[in-house]
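Given next are the chains, with one letter for each unit.
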Amino acid sequence: MSTQTNSSLKKIRVGILGFGTVGQGTWKHLQENAHFWPKILGVELIPSRASVRSLDKERPVEISKDQLTTDSASIVDDPNIDLVCELMGGVEEAKLLTLRAFAQGKSVVTANKALICEHGEELFRAAEEAGVGYGFEASVAGGIPIIKVLRESLVSNEFPLIYGILNGTSNYILTRMEKEGASFEEVLGDARQLGYVEADEALDLDGVDAAHKAVILAYLAHGIWVNLSEVTVEGIRRISNEDLQAAENLSCRIKLIGVIRRNFTNDHVAVAVHPALIPIEETIARTDGVHNGVCLNGSVVGTVVLTGRGAGQDPTASSVISDLVDVVKGVNGISSLPKLVHVSPEQCQPATPDEIEGRFYLRLAVDDRPGQLAKVAECLADRGISLATVSQTPHEKDKPASLILTTHQTNEHSIAQALAQLKELPGVVDDPVLFRMFDPNGMS
Ligand code: HSE
């Protein structure tokens, strides 16, 4: 490790707001690669100060006490700090500090997906008006360079479909449930111990974290900010070991995926996060553990799939530092990123549920009595939904039977109506479980 500085070179000093896992990783890798920045940038890139909640906590990285503060604003305001990394999480304070940095002509790099999802439009505009950079590669899919790929590498493409695994924690839980037959609660306990789960667990388990990331990808691909309230968001809590086994019997795996569909004929866009059965031959179906994976269907390039570590100290720091390097290049006038394009809501509307087609998987707990299956099938037929497969697991005496159905092609509106009716159907003893059957090759 080298912390020596070369006095003849310009020094760019980095202040880090929030010194948790990602903040410390960024500090560590900036230090460890100190010899490298002069070679590729012609300047020194020096991690200089960091803000923390507690000054006394032991930290594995090499940082002196006087480089730490509990006052994040003092770092933003420090005239010796040239660039700010906002790695503190949360929304309101992070937003204020980001705007404060912009107002002082300082570029900011962030990993804060909730902040970008909720206030990206305002923050991107503020950065542009201030003439500063705002890097957010680390906000989606950890170490996978998906933002750069969408913004730069695949700039000649339109994207009718983008889908993938955007939350490492839920993928870790599902993978272990599937591979080991372990229960949801058991694996969740391990995930907590490993520090994978967000402080607010609902973000990971109920699909909200993945939805933040899907909204950001939808913006990058289509220039439109989709409001979180217009995103279908379902998490992994209702996926049972029985469902994972049933999916395998159907040559599929269940993954929590973000899906962004764009219809270029009527200019409608649909963003959703939900569990889905994915054919086993798809790379995304075989992306396991804390890995993320994003599949992009580009109009020019065809299909591109990116997989890699979607969370954690080192992969996320890799993305943060990539943005820092871009910002420094911009500051030095060597290069600048393409402008972000903003499309007004009138130019691209949310798709209606009847436009979103697909096949579905249903698991019903039912009384095992004559005519029950016929009633369920009739309920679906009333909505024009045709069954593709039916199976009933052998059941124990005096317990409900488990009926697993898959449908032929229908749409979100029809299945939602059928589901509401099924909930009320005599003999259906629990809330039906519904998952999408996602076939990227069968989509219009
Ligand atoms: N909780 C997130 C995940 C962290 O599990 O993917 C990375 O954004």
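Rules behind the numbers
Residues numbered from 1 in each chain as written. Predicted model: local features only at pLDDT ≥ 70, side-chain atom pairs only at ≥ 80, totals over all residues. Heavy atoms only, no water. Near = heavy atom within 4 Å. Polar contact = N/O pair within 3.5 Å; in protein donor to acceptor, adjacent residues only side chain to side chain. Areas by Shrake-Rupley, 256 points an atom, 1.4 Å probe, with all protein chains shown as cover. Helix = DSSP H or I, 4+ residues; strand = E, 2+ residues; numbered from the N terminus. Domains from an automatic or database assignment. Buried < 20%, exposed > 50% of the residue type's maximum accessible area, 1.4 Å probe, protein only. Arc of directions from axis to C-beta. Contact = heavy atoms within 4.5 Å. Pairing = 2+ DSSP bridges. Core = buried A, V, L, I, M, F, W, Y, C linked by side-chain atoms within 4.5 Å.

**Here we look at the site of the ligand**
All residues adjacent to the ligand are K113, N167, G168, T169, E198, D204, D209, K213, G310 and A311. In the model, an oxygen atom of the ligand is placed 2.6 Å from a nitrogen or oxygen of the K113 side chain. With respect to the ligand, the side chain of T169 contributes an N or O atom lying 2.6 Å from an oxygen atom. Summarising the interface, the protein chains cover 88% of the accessible area of the ligand, which totals 260 Å² for the free molecule. Only helix 7 (168-180) and helix 10 (208-222) provide two or more residues apiece to the shell around the ligand.

**Quick word on the domain arrangement of the protein chain**
Along its sequence, the protein chain is carved into domain 1 (10-142 + 314-331), domain 2 (151-308) and domain 3 (357-442). Its C-alpha centre places domain 1 at a distance of 50 Å from the equivalent point of domain 3.

**Quick look at helix 11 (residues 241-249)**
Looking only at helix 11, the buried set comprises D243, L244, A246 and A247. With its buried residues spanning 160° around the axis, helix 11 presents them on a single face. Buried positions along helix 11 lie against helix 7, strand 9 (252-263), strand 10 (268-279), strand 14 (357-366), strand 16 (401-407) and strand 18 (433-437). S251, located one to two residues past helix 11, shows a positive phi value of around 60°.

**Concerning the sheet that holds strand 1 (residues 10-17)**
Note on sheets: strands pair through backbone hydrogen bonds, and any given pair is parallel or antiparallel. Spatially, 3-2-1-4-5-6 is the arrangement adopted by the six strands of the open sheet, whose pairing is parallel. Edge positions in the sheet fall to strand 3 (68-69) and strand 6 (134-135), since each has one partner strand and no second. Sheet topology note: the strand 4 (residues 83-86)/strand 5 (residues 107-110) ladder contains four bridges and is parallel. Looking at the pairing, L83 lines up with S107 of strand 5.

**What to know about the nonpolar core**
The biggest cluster of nonpolar side chains holds 83 residues, and the ones touching the most others in it are Y134, I146, L150, I162, I173, L217 and L296. Excluding residues within four positions of it along the chain, L150 makes contact with V155, F159, I162, L217, L220, A221 and L296. Membership of the second largest hydrophobic core comes to 28 residues, among which are I12, I16, V61 and I63.

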